[in-house]
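# Observations on chain architecture
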There are 2 protein chains.
Amino acid sequence: MTPLVLLSDEEFALRISHIREAMNEASVKQLLITDNANLFYLTGRVYAGYAYIPAEGLPLFFIRRPSGLKGDGVVYIRKPEEMGQTLAITIDGPLGLELDLLPYSAVTRLDKAFGEIPFVNVSPLLRQVRAVKTPAQIEEVRKSGIHHSFVYSRIPHIYREGMTDNELQIEIERVARLEGCLGQFRISGDTMEIYMGSLLVGKNAENPTPYDFAMGGAGMNPSLPVGSDGTLIAPGNSVMVDMNGNFTGYMTDMTRTFRIGEVSPLAVKAHQCSIDICRAVAKAGVPGTPAKQLYELAEKMVADAGLHEYFMGLHQKAGFIGHGVGIEINELPVIAPRSRDILQEGNVIALEPKFVIPKTGAVGIENTYVVRADGMECLTKAPEEMIELIK
Amino acid sequence: MTPLVLLSDEEFALRISHIREAMNEASVKQLLITDNANLFYLTGRVYAGYAYIPAEGLPLFFIRRPSGLKGDGVVYIRKPEEMGQTLAITIDGPLGLELDLLPYSAVTRLDKAFGEIPFVNVSPLLRQVRAVKTPAQIEEVRKSGIHHSFVYSRIPHIYREGMTDNELQIEIERVARLEGCLGQFRISGDTMEIYMGSLLVGKNAENPTPYDFAMGGAGMNPSLPVGSDGTLIAPGNSVMVDMNGNFTGYMTDMTRTFRIGEVSPLAVKAHQCSIDICRAVAKAGVPGTPAKQLYELAEKMVADAGLHEYFMGLHQKAGFIGHGVGIEINELPVIAPRSRDILQEGNVIALEPKFVIPKTGAVGIENTYVVRADGMECLTKAPEEMIELIK
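Attention here is on the structure that accompanies the text.

Conventions and cut-offs
- Residues numbered from 1 in each chain as written.
- Chains lettered and ligands numbered in written order.
- Predicted model: local features only at pLDDT ≥ 70, side-chain atom pairs only at ≥ 80, totals over all residues.
- Heavy atoms only, no water.
- Pairing = 2+ DSSP bridges.
- Helix = DSSP H or I, 4+ residues; strand = E, 2+ residues; numbered from the N terminus.
- Axes fitted to C-alpha atoms, helices over the stretch in contact; angles between N-to-C directions.
- Contact = heavy atoms within 4.5 Å.
- Buried < 20%, exposed > 50% of the residue type's maximum accessible area, 1.4 Å probe, protein only.

### Some remarks on the sheet that holds strand E20 (residues 375-378) of chain B
Residue and element names in this part refer to chain B. An order of E15-E14-E16-E19-E20 is seen for the five strands of this open sheet, with the pairing classed as antiparallel. Looking at the sheet topology across the chains shown, the edges are occupied by strand E15 (331-335) and E20. Averaged over all pairs of adjacent strands, the angle between strand axes in this sheet comes to 30°, irrespective of strand direction. Pairing geometry for strand E14 (residues 322-324) and E15, over three bridges, is antiparallel. Residue pairing for E15: Gly322 is matched across the bridge by Ile335. Lying on the sheet, helix H6 (residues 135-158) is in contact with strand E16 (348-351), strand E19 (367-372) and E20; it crosses E19 at an angle near 155°. Sitting on the sheet, helix H8 (residues 265-284) touches E16, E19 and E20, and the angle it makes with E20 is about 125°.

Structure, rendered in structure tokens:
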């Protein structure tokens, strides 16, 4: 027998209760989850199927694959239409669906399967729930942070003179994978793509990307226009490493910048400004703080340092300096000028105030933090200064 | 100046004409594309935005990011609402949208942006168009096949005694990446996930997966339950390698099976049956052949060999033996019992008749073929017999 739910009874009950609190607040009487990340949050595993959660009573788990799972509420189905009959007795008011993620065709099919009942969007509700991590989830993120930091500590030893950005990235990928990195870089939605993260050297950092990442890069092929582009790593360049921290199903997001020889004083100044911003924001980031206030704090420090034109990109600028992270890389809250998010204890947030300096490349750091009562605790502890690759 | 369209004028015109032929056949007067894979098909690059294709007249390219692209019909927008005003004059009848891919919320937003005009699903139409590759696309697939085959030729040299399945996979990943593999494993839709493909050793091949892949495997973590699970590679095991062939933005799909020492006679027999099926189906697969007829041919060969219980899985069986491949791994046609697809010249199809043999593991091969007038031409040429990892 293989249990469906891989969480402890207490943890499973805790997560269900968090979802139900949000349902009560939004007057949603039942919802149906099918997104991989939401199913993983709920059960501790990914399966093909659905989870039906009523405001009261037993949840039902409709499973197409894999075969052989057992547990309370498990019902095997071959197609979504089979759910309608099973659920008909319990539906009361609109059915909550992940309308920000489910394809239009899938929604119309579900709608028919349930007899054309009203439905309501619960994507924002689930994003809010997942934005506050449980202690068990924070431990998973913490574990990823330890492995992530270890991999970064190996980078000066991995580098060899004459490497391109892509060659260095490949060797870091290998070390990360041998350290337990799962590889998968989970992003909510279908529009952003990246493979094992980004490594940017020199002028390539100026290339704009189509994606909503903080930094750009031309990429190795126009089918995946982000990150390394085959640039030779040369003296005077910065080497920004922002690579995959998914070691447990829960990710950390972490960036460190390396250099070959001396980089320009402007780059050194901007890198220090990034470190200073992370520390100031982490200190200010107590529960109850508006996310946009943290963005404004960062922006003011940038302006005071006279570095505005290089901040978050040169020709194309990213509109945020931080974001929630967990099962996916783009969770809530978002640290941006018009964000309405308010920091809560248990948020896990990556801060990445970065700069692109002409001729040098991208500089700055990124850490992942958990919001505690007295501020943000860093989960990606490692030296933050720019590290020379050849001594 | 950076041109938006990275295809030659002739190739761009050819792809537009293929889309328009399908539009005419389906009486669709205009469509709006936003899926990354469809944009890459159309323009040779991925960008954030939309492509508007009327049945006649100039296409329009609405771009959010990256900055700096130029070309006929390029219009920069910040949000989809800006398209409504630009397009209002040209809309005639329903607007074609990718309803199998676009989230429900995105469709309702687009619907409002265009003044609540009727819309129609063009996902199937675009899948049909992309199922027939142009000569230029076939060359991209062929290039991937050459690199893919080369990487597989290195596998016996990569293996070291005492490796786990995951360790061998990581070293193959590195060699593939150094050979130019882009890493990204494109799958249409948001429900299937995999990282650089699958390597299955021994009994792990019996573990069912939630995904619609031909083979399973428990994976290294329940957040990504597919492929290698840390099994030590031991004598008597088969080692099935089905890893990423995306070297150009166009993928080949290729599987080879390796062994440590001798495997059971049943495994040897099943492996040969897989090779025989590939050859027979490739010979029979001329344009005009119903895909299901090819499935039936394979099924008959399996039954004649008395191997049915091991075919396409042991406890959980995949329902197909082949699938289209190109920009994504799950294109048309599908070689399955109830497929309505008819083979067309220019289809690129991966055939993967595989078996799971108790105690030994997964055996069989997979090749990617292009459908020619006289049958299917193999694009993943490499020895097909089971290859011993220790000599």
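Additional details are given in the paragraphs that follow.
### Overview of the pairing of strand E4 (residues 60-65) of chain B
Residue and element names in this part refer to chain B. For E4, the tally of buried residues reaches five of six residues, placing the bulk of the element in the interior. Where strand E3 (residues 48-54) lies against E4, five bridges are found, and the strand directions are antiparallel. From the neighbouring strand, Ala48 faces E4, where its bridge partner is Arg65. Where E3 folds back onto E4 in an antiparallel hairpin, the turn is made up of five residues, including Gly57, whose phi is positive at roughly 90°. The pairing of E4 with strand E6 (residues 74-76) spans three bridges and is parallel.

### Concerning unusual backbone geometry
Looking along the chain, the bond that leaves Arg65(B) and enters Pro66(B) is cis, with omega of 0°. Turning to its location among the elements, Pro66(B) is positioned in the loop between E4 and strand E5 (69-70). Along the chain, Leu332(B) connects to Pro333(B) via a cis peptide bond; the corresponding omega equals 0°. Residue Met196(A) is not a glycine yet carries a positive backbone phi of 60°. The exposure class assigned to Met196(A) is buried, which follows from its relative accessible area of 1%.

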